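# Descriptive analysis of the structure
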Amino acid sequence: MSDGHVPVNFSDPRNYSKVLKSDVKEALFPDDPFRQFRHPSKLQQFKNGLSYFIPMVEWFPNYTLSLFKFDLLSGITIASLAIPQGISYAKLGNIPPIVGLYSSFIPPLVYAIFGSSKNLAVGTLAACSLLIAQTIEEKVPLEQNPTLFLNLVFTTAFITGVFQAALGILRLGLLVDFLSHSTITGFKFGTSTIIILQQMKGFLGYVHFTSKTDVVSVIGAIIRNWKEWRWESTVLGLVFLAFLQAAHYVRQKKPNLFWVSAIAPIITVLVGCAIAYFAKGERHGIAIVGHLQKGLNPISIHNLNFDPKYLPATLRAGIITGIIALTEGIAVGRTFAILKNQQIDGNKEMIAYGFMNIIGSFFSCYLTTGPFSKTAVNFNAGCKTQMSNVVQAICLMLTLLFLAPIFSYTPLVSLSAIITSAMMGLLRYEEVHHLFKVDKGDFIIFLAAFFGVIFVSMDYGLMMSVGLAVVRALLYVARPTSCKLGAIPNSNLHRDVEQYPDTVTIPGIMVIQMGSPIYFATCTYLRERILRFIREEQEVTAGNDIEHVILDLSGVTAIDMSGIGALEELLKSLQVNSVKITLVNPRIDIMEKMQRSKFIDKIGKESVFLSVEEAIESCQFSLSTSKSKSNDEHSNPNTV
């Protein structure tokens, strides 16, 4: 190497325990959660650790009345939304409506203690409500044993909580990343579609309907039971839906009037109750919710059912809905945290969701998370801390103690209108167009989730989409990108010759950039790809053979024995044709394994460089030297 060049570090490889410790730390603790315990004071270490595991310890001591004013307003606002949504989504999942109200009392209190998001509003999810009902009804039909059905719903919430908390404690949140944006979008569109179709029972005033969720069964039920249609219910439902959509339109046009959309559902419920009570709606085919008993959540821990006969159904429902709830809650929390320049810990959020579902299952609650609609209302209402969830819980407590019987007159058609309006708000067609325009592969994954959900079932639709996404990811893994580099004129930069056609290449030297790990799944392909690069170059520039292949390893993050074996095979193949291999900037892990396997000795330490420029400079010198020797031999035939 010429003067001024920084030498490559060929120090002895680190021991395995040190490497393993570093890898485990990066995999499970990228945010370095143990920094709280590095304070010199033991007392401060304890306080930091307590605030890490219980975020309320950190923010509550500094809580002020001025903050409470904002949280009080936002808490009352989301409580007004929680009441109709709780009743609606519970009915959607064939769960007693009162359980929907219970689920907005205990879980928000738990989240206020363990949750790290200042903006998240706790509530139930429509898709999860329907999915739980669909999965459990396959094993225990609601009509045959409603008590067992409800107990299995509580058991599902408990299993969901254990699963979510375990993911957070073990810091395995990366599993949620397998649900891609296109999968979530397709699932959201599919579930919204079938949920809207399911509401035809309420809009049409039907008494009999199907419990299945696929679109064929739902449309079939609408056609079969047409004689049960009541026009009064349809008219009332359309009026309510028009009112809710108008309120939603007002919020879109004037964001400052967010409260109009927030209170519209509770107004719909109260007006519906008045109509049903004074106009004797039941006589005109307008069904109502029915009796809602006053009182706080009864204990349900003794109702949890782990009978092996039913456990597969509750496990399936708990894990699938747990993943969906985590994905929605964490995504929503991060979205609104960014708007306030705040940070939330995904693993701590998983633990918080887990605890609130575990504790909720002990007090007659079913699955809860952080839904987008309630969180958006909470954010727009000006919430400052998790105290808004406490206010919501207190409002629900007062409702359960004193106002629950009033909501027993709620018409089912008003709940159908509320659910339909909420689902229509999730159908953002610009997202689908954006997927189609940007990435056709993502669009196909979206279609798999969408059609799987509406024609088969929600869980199978989700699995179909995830499976297709995993296959696509495996193709990315097995066929990684690599490219040939050339020099950008008048600069020291080397870039992809296909992307930058004006780049300049040096005859006899080929620079190839590797952009992925070299291991058993990729090594054969990468070796063949490099050889094909060389063949193609020699075919284009006939008579100008490649003498040096420079491999830029800056983007290679890992290598295994299969990868090293492939490089050795490549070295042998090239040496037959007198082609030399030069390496550029291998990372420390790569360098250590190459040293241990003696691969560095085979190519020579002088063939490893820190930059592409230094490698090209050395190869050019080698080329000029070999040409000089060749010219001398031709001019003096007697030279040995």
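All chains use their own residue numbering, which begins from 1 and follows the written sequence. Side-chain atom pairs in this predicted model are given and counted only at pLDDT of 80 or more, local residue features only at pLDDT of at least 70, and totals for whole chains, interfaces and linings cover all residues. Derived side-chain values reflect all non-hydrogen atoms in the structure, with water molecules and hydrogen atoms excluded from consideration.

## Description of the side chain of Thr522
Only DSSP runs of H or I reaching four residues or more are called helices, and only runs of E reaching two or more are called strands; each is numbered from the N terminus. Locating Thr522 in the fold gives a position in the loop between strand S3 (509-514) and helix H22 (523-540). Working definition: with a 1.4 Å probe on protein chains only, accessible area under 20% of the residue-type maximum means buried, over 50% means exposed, and in between means partly exposed. Since its relative accessible area comes to 1%, Thr522 is described here as buried. Note on contacts: a residue pair qualifies if any of its non-hydrogen atoms lie within 4.5 Å across the two residues. Excluding anything up to four places from it in sequence, Thr522 contacts Val477, Ala478, Pro480 and Pro517.

## A few points about empty space enclosed by the protein
A 1.4 Å probe that fits but cannot get out identifies a cavity on a 1 Å grid over protein atoms alone, an open set with protein on both sides within 12 Å along at least five of seven lines counts as a pocket, and a residue lines either if it has an atom within 4 Å of a point. Grid points are joined across faces, edges and corners, and a volume is the space filled by probe spheres set on the points. Within the structure shown, the criterion is met by 1 cavity of 30 Å³ or more. By volume, the largest cavity amounts to about 40 Å³. Lining of the largest cavity is provided by Met514, Ile518, Cys523, Leu526, Arg527, Ile530, Ala566, Leu567 and Leu570. The set of elements that each furnish at least two residues to the lining of the largest cavity consists of H22 and helix H23 (561-576). A per-element tally of the lining of the largest cavity places H22 first, with 4 residues. All residues other than Ala, Val, Leu, Ile, Met, Phe, Trp, Tyr, Cys, Pro, Asp, Glu, Lys and Arg, Gly among them, are scored as polar; the first ten of these are nonpolar and the last four charged. Looking at side-chain class alone, the lining of the largest cavity contains 8 nonpolar, no polar and 1 charged residues.

## Remarks on the domain arrangement of the protein chain
Note: domain ranges come from an automatic or database domain assignment. The domain architecture assigned to the protein chain consists of domain 1 (64-473) and domain 2 (482-627). A straight line from the C-alpha centre of domain 1 to that of domain 2 covers 55 Å.

## Details of the packing of aromatic side chains
Centre distance within 6.5 Å is the pairing criterion for rings of Phe, Tyr and Trp, where only the six-membered ring of Trp is used; planes under 30 degrees apart are then read as stacked, over 60 as edge-to-face, and the remainder as tilted. All chains considered together, the criterion is met by 20 aromatic pairs. An angle of 85 degrees between the planes, with centres 5.0 Å apart, marks the rings of Tyr277 and Phe278 as edge-to-face. Given a relative accessible area of 68%, Phe278 falls into the exposed group. For the pair Phe450 and Phe451, a centre-to-centre distance of 5.2 Å together with 70 degrees between the ring planes defines the contact as edge-to-face. In this structure Phe450 comes out as buried when scored by relative accessible area, which is 17%. By relative accessible area, which is 39% here, Phe451 ends up partly exposed. What links up through ring pairs into an aromatic cluster is the set Phe189, Tyr429, Phe436, Phe443, Phe446, Phe450, Phe451 and Phe455. The rule for a charge over a ring is simple: NZ of Lys or CZ of Arg within 6 Å of the ring centre, and within 35 degrees of the ring normal. A cation sits over an aromatic face here: Lys440 above Phe436, 4.7 Å from the ring centre. In this structure, Arg529 packs its charged tip against the face of Phe533, placed 3.9 Å from the ring centre.

## Some details on the pattern of salt bridges
Every case where a carboxyl oxygen of Asp or Glu lies within 4 Å of a side-chain nitrogen of Lys or Arg is listed as a salt bridge. Applying the stated criterion across every chain yields a total of 10 salt bridges. Put simply, Arg472 and Asp442 hold a salt bridge, and the shortest N to O gap is 2.8 Å. Of the two residues, Arg472 sits in helix H21 (residues 458-478) while Asp442 sits in helix H20 (residues 440-455), which places them 30 residues apart along the sequence. For Glu528, the salt bridge goes to Arg527, with nearest N and O atoms at 3.1 Å. The class of Glu528 is partly exposed, set by a relative accessible area of 36%. Taking the relative accessible area as the measure of exposure, Arg527 reaches 18% and is therefore buried. The structure contains a network of salt bridges with shared partners spanning Asp439, Asp442 and Arg472.

## Details of the layout of surface pockets
It is the rolling of a water-molecule-sized probe over the atoms that shows where space remains empty. In this structure, the second largest pocket occupies an estimated 850 Å³ of space. Lining the second largest pocket are 35 residues, and of these Lys91, Leu92, Asn94, Lys201 and Leu412 lie nearest its centre. Of all the secondary-structure elements, those providing two or more residues to the lining of the second largest pocket are helix H4 (65-92), helix H7 (126-137), helix H8 (146-169), helix H10 (200-204) and helix H18 (412-426). The dominant element in the lining of the second largest pocket, judged by the number of residues it contributes, is H18, at 5 residues. A breakdown of the residues in the lining of the second largest pocket according to their chemical character gives 19 nonpolar, 12 polar and 4 charged.

## Thoughts on the UniProt feature "transmembrane region" (unreviewed entry) in the protein chain
According to UniProt, the "transmembrane region" (unreviewed entry) feature falls on residues 148-172, 229-250, 257-279, 317-339, 351-369, 389-422, 443-471 and 504-526. Regarding residues 351-369, the helix share stands at 63% and the strand share at 0%, and the terminal C-alpha atoms are separated by 12 Å. UniProt positions are given in the numbering used here, feature names are shortened, and annotations may be inferred rather than shown by experiment.

## Some points on helix H12 (residues 231-253)
Its 23 residues give H12 an end-to-end C-alpha distance of 33 Å, which sits within 8% of 33 Å, the value for a rise of 1.5 Å per residue. Turning to H12, its buried residues are Glu232, Ser233, Thr234, Leu236, Gly237, Phe240, Leu241, Leu244, Ala247 and His248. Looking at the packing, one finds that the buried side of H12 touches H10, helix H13 (258-278) and H18. For a helix, the expected span equals 1.5 Å multiplied by the residue count minus one.

## What to know about the pairing of strand S5 (residues 580-584)
Extensive coverage of S5 is indicated by the burial of 4 of its 5 residues. A right-handed crossover is one whose linking path, passing over the helix from the first strand to the second, runs clockwise when the strands point away from the viewer. Handedness of the strand S4 (residues 548-552)-H23-S5 crossover: right-handed.

## Observations concerning the confidence of the model for the protein chain
Per residue, pLDDT measures the predictor's confidence, with a range of 0 to 100. Taken residue by residue, the protein chain gives an average pLDDT of 86. The fraction at 70 or more is 91%. For the protein chain, the element scoring lowest by mean pLDDT is helix H1 (residues 16-28), at 68; helix H6 (residues 106-114) scores highest, at 95.

## Details of the pairing of strand S1 (residues 482-487)
Regular strands place their side chains on alternate faces of the sheet. The element S1 is extensively covered by neighbouring structure, given that 5 of its 6 residues are classed as buried. When DSSP finds at least two bridges between two strands, those strands are taken to pair. As paired elements, S1 and S3 share 4 bridges and run antiparallel to each other. Pairing of Ser482 across the sheet is with Met514, part of S3. Pairing of S1 with strand S2 (residues 494-496), which is carried by 3 bridges, proceeds in the antiparallel orientation. Among the inter-strand pairings, Ala487 is bridged to a residue of S2, identified as His494.

## Looking at the packing of H12 against H18
Note on definitions: angles span 0 to 180 degrees between N-to-C directions of axes, and those axes are lines fitted to C-alpha atoms, for helices only across the stretch in contact. Relative orientation of the contacting elements H12 and H18 amounts to 40 degrees, with a least axis distance of 9 Å. Relative to H18, the element H12 is oriented oblique. When you trace H12 past H18, the crossing you get is right-handed. Across from Ser233, Leu236, Gly237, Phe240, Leu241, Leu244 and Gln245 in H12, the residues of H18 making contact are Val413, Ser414, Ala417, Ile418, Thr420, Ser421 and Met424. Of the residues belonging to the contact of H12 with H18, the class tally is 8 nonpolar, 6 polar and no charged. Under this scheme an angle from 65 to 115 degrees is roughly perpendicular, one under 35 degrees roughly parallel, and one over 145 degrees roughly antiparallel; angles in between are oblique. Crossing handedness is read from the near helix: turned anticlockwise from the far helix by less than a right angle, it gives a left-handed crossing, and turned clockwise, a right-handed one.

## Some remarks on unusual backbone geometry
Peptide bonds are trans in most cases, and residues, glycine excluded, mostly fall at negative phi. Not every positive phi belongs to a glycine, and Ser364 is a case in point at roughly 60 degrees. Relative to the helices and strands, Ser364 resides in the loop between helix H15 (346-362) and helix H16 (372-380). The phi angle at Ser578 is positive, at roughly 60 degrees, despite the residue not being glycine. Topologically, Ser578 is positioned in the loop between H23 and S5. Judged by relative accessible area, which is 58%, Ser578 ranks as exposed.

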